[in-house]
Amino acid sequence: MMSWRDDESGMATLETTLMIVILVPLLFAIIEFGWLTQRWLAQDGVAMQAARYAGELGGDRPELRVYVQEHLRLVGIEPSRVTVEVEPASVSWRQPVRVSLRTDEQIAVPFLFTTSVAMRSTAVARGEVNR
Amino acid sequence: MRYDDGGTAAVTTLVMLPLLLIVLVGVLELGALRAIVYRATAAADLATIVAVSDQDQAELTRTGILRLAPDAADVARDYFARNLSATAPALAASPHEIAETADVASFPSAPTVDPRTGATYDRPTVRLIASVPVKTPAFALLLLPAVTTLTIRSASSPR
């Protein structure tokens, strides 16, 4: 007769459970943070382009808003979730113009946490045209 | 005699766990460094573009020639610092210090050869080369330098 000490059938289950509890959060953390970084850098790129365009247009114009929305869509970010700020609203020749984009992204890591992270991108260009 | 595998598993875990942690920390830090390289390069690109885009439309209409402003190099330096500010917490020096020590050159006439890089510019160009010190605390844990210096290059010409 085999004693309960020699019965290892539960060990595999225990090991698998422990590994899932460690590996699944690790895997999701890598995916979530990688995805967040990709979005952040993409948003940065849009902010840079938008700042330059704002300098060319002379500030916060409807064309700039449309441009930002189109480029956010191109990089896979839903524009309705992004706050766009342009300072100053009207820019003259050689004056700095700052474009800031802000998105609140959700991060969910199983067994650990779900949180909201604010992604901010800022770029500064200057008024390019002497009107 | 019976085999006891318990010790083998413990030794394997003891050897593999630190190795995995070292790889994980190294990969995370390298990823963060790549993100900073991207942002600093984008800041340098925007700075040189802003510097060469300074144009007077009246002058352009009159002569048909785009000319670099005399202060183009200073403008590039100023806007490099402004755009680098978003990355400031990750840097081991202030954006203004980095911009001040950057090698910014303005080449108002073309064609010309950049004495530092050997590149030939067929239009007026502003070129920026900067050393950007980045904090790498995870590398320090692996007995590597706590500050990694990146070299950023950018050159722009007006169109």
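For every chain, the first residue of the written sequence is number 1, and numbering continues from 1 along that sequence. Going through the entries in the order they are written, you letter the chains from A and number the ligands from 1. The model is predicted, so local features are restricted to residues of pLDDT at least 70 and side-chain atom pairs to those at 80 or more, both for listing and for counting; the totals for chains, interfaces and linings are taken over all residues.

(A) Just the overall build of chain A, in detail. A run of H or I in DSSP becomes a helix once it reaches four residues, and a run of E becomes a strand once it reaches two; helices and strands are each numbered from the N terminus. For chain A, the helix and strand inventory stands at 2 helices and 3 strands. Walking chain A from its N terminus toward its C terminus, one meets helices and strands in the order α-α-β-β-β. Over its C-alpha trace chain A gives a radius of gyration of 24 Å, far above what one expects of a compact globule, namely 14 Å for 131 residues. Taken along the three principal axes of its C-alpha coordinates, chain A extends 95 × 20 × 15 Å. Here contacts are defined at the residue level, using C-beta atoms placed from the backbone and a cut-off of 7 Å between them. Considering only intrachain contacts with a sequence separation of at least 6, the fraction spanning at least 24 residues in chain A is 65%. With the radius of gyration taken over C-alpha atoms, the globule rule is written as 2.2 Å times the number of residues to the power 0.38.

(B) Structural view of the interface of chain A and chain B. Listed as interface residues are 16 residues of chain A and, on the opposing side, 18 residues of chain B. Mapped onto the side of chain A that touches chain B, the elements with two or more residues apiece are helix H1 (9-57) and strand S3 (113-126) of chain A. Of the residues belonging to the side of chain A that touches chain B, the class tally is 7 nonpolar, 4 polar and 5 charged. Three classes are used, and their members are as follows: Ala, Val, Leu, Ile, Met, Phe, Trp, Tyr, Cys and Pro are nonpolar, Asp, Glu, Lys and Arg are charged, and the others, Gly among them, are polar.

(C) Geometry of the nonpolar core. We define the nonpolar core as any set of buried residues of the types Ala, Val, Leu, Ile, Met, Phe, Trp, Tyr and Cys, connected via C-beta atoms lying within 7 Å of each other. The exposure scheme places C-beta atoms from the backbone and then counts, for each residue, the other C-beta atoms within 10 Å of its own, assigning buried at 20 or more, exposed at 12 or fewer, and partly exposed in between. Judged by nonpolar contacts, the single largest core of 50 residues is most densely connected at Ala51 and Ala54 of chain A together with Leu46, Ala47, Ala76 and Phe80 of chain B. Elements that contribute at least two residues to this core include exactly H1, helix H2 (62-74), strand S2 (96-109) and S3 of chain A together with helix H1 (6-52), helix H3 (72-84), helix H4 (95-101) and strand S4 (125-135) of chain B. Residue contributions to this core peak at 11 residues, all from H1 of chain B. In contact with Ala51 of chain A, not counting residues within four places along its chain, are Val97, Val99, Ala123, Val124 and Ala125 of chain A together with Leu46 of chain B.

(D) Here's a closer look at the sheet that holds strand S5 (residues 147-156) of chain B. All names here are of chain B. We call two strands paired when DSSP finds no fewer than two bridges between them. Spatially, 3 strands are ordered S1-S4-S5 in an open sheet, and the strand pairing comes out antiparallel. Single-partner strands in this sheet number two, and they are strand S1 (103-107) and S5. Averaged over all adjacent pairs, the angle separating strand axes in this sheet is 10°, with direction ignored. Where S1 lies against S4, 5 bridges are found, and the strand directions are antiparallel. Note on S4: the bridge partner recorded for Asp103 is Ile129. Interaxial angles span 0 to 180 degrees and are taken between N-to-C directions of axes, which are lines fitted to C-alpha atoms, for helices over the stretch in contact.

(E) Examining the sheet that holds strand S1 (residues 82-87) of chain A more closely. Residues and elements named next belong to chain A. Strands sit in the order S1-S2-S3 across an open sheet of 3 strands; the sheet is antiparallel. Each end of this open sheet is capped by a strand with a single partner; those strands are S1 and S3. Strand after strand, the sheet turns through a mean of 15° between neighbouring axes, direction not considered.

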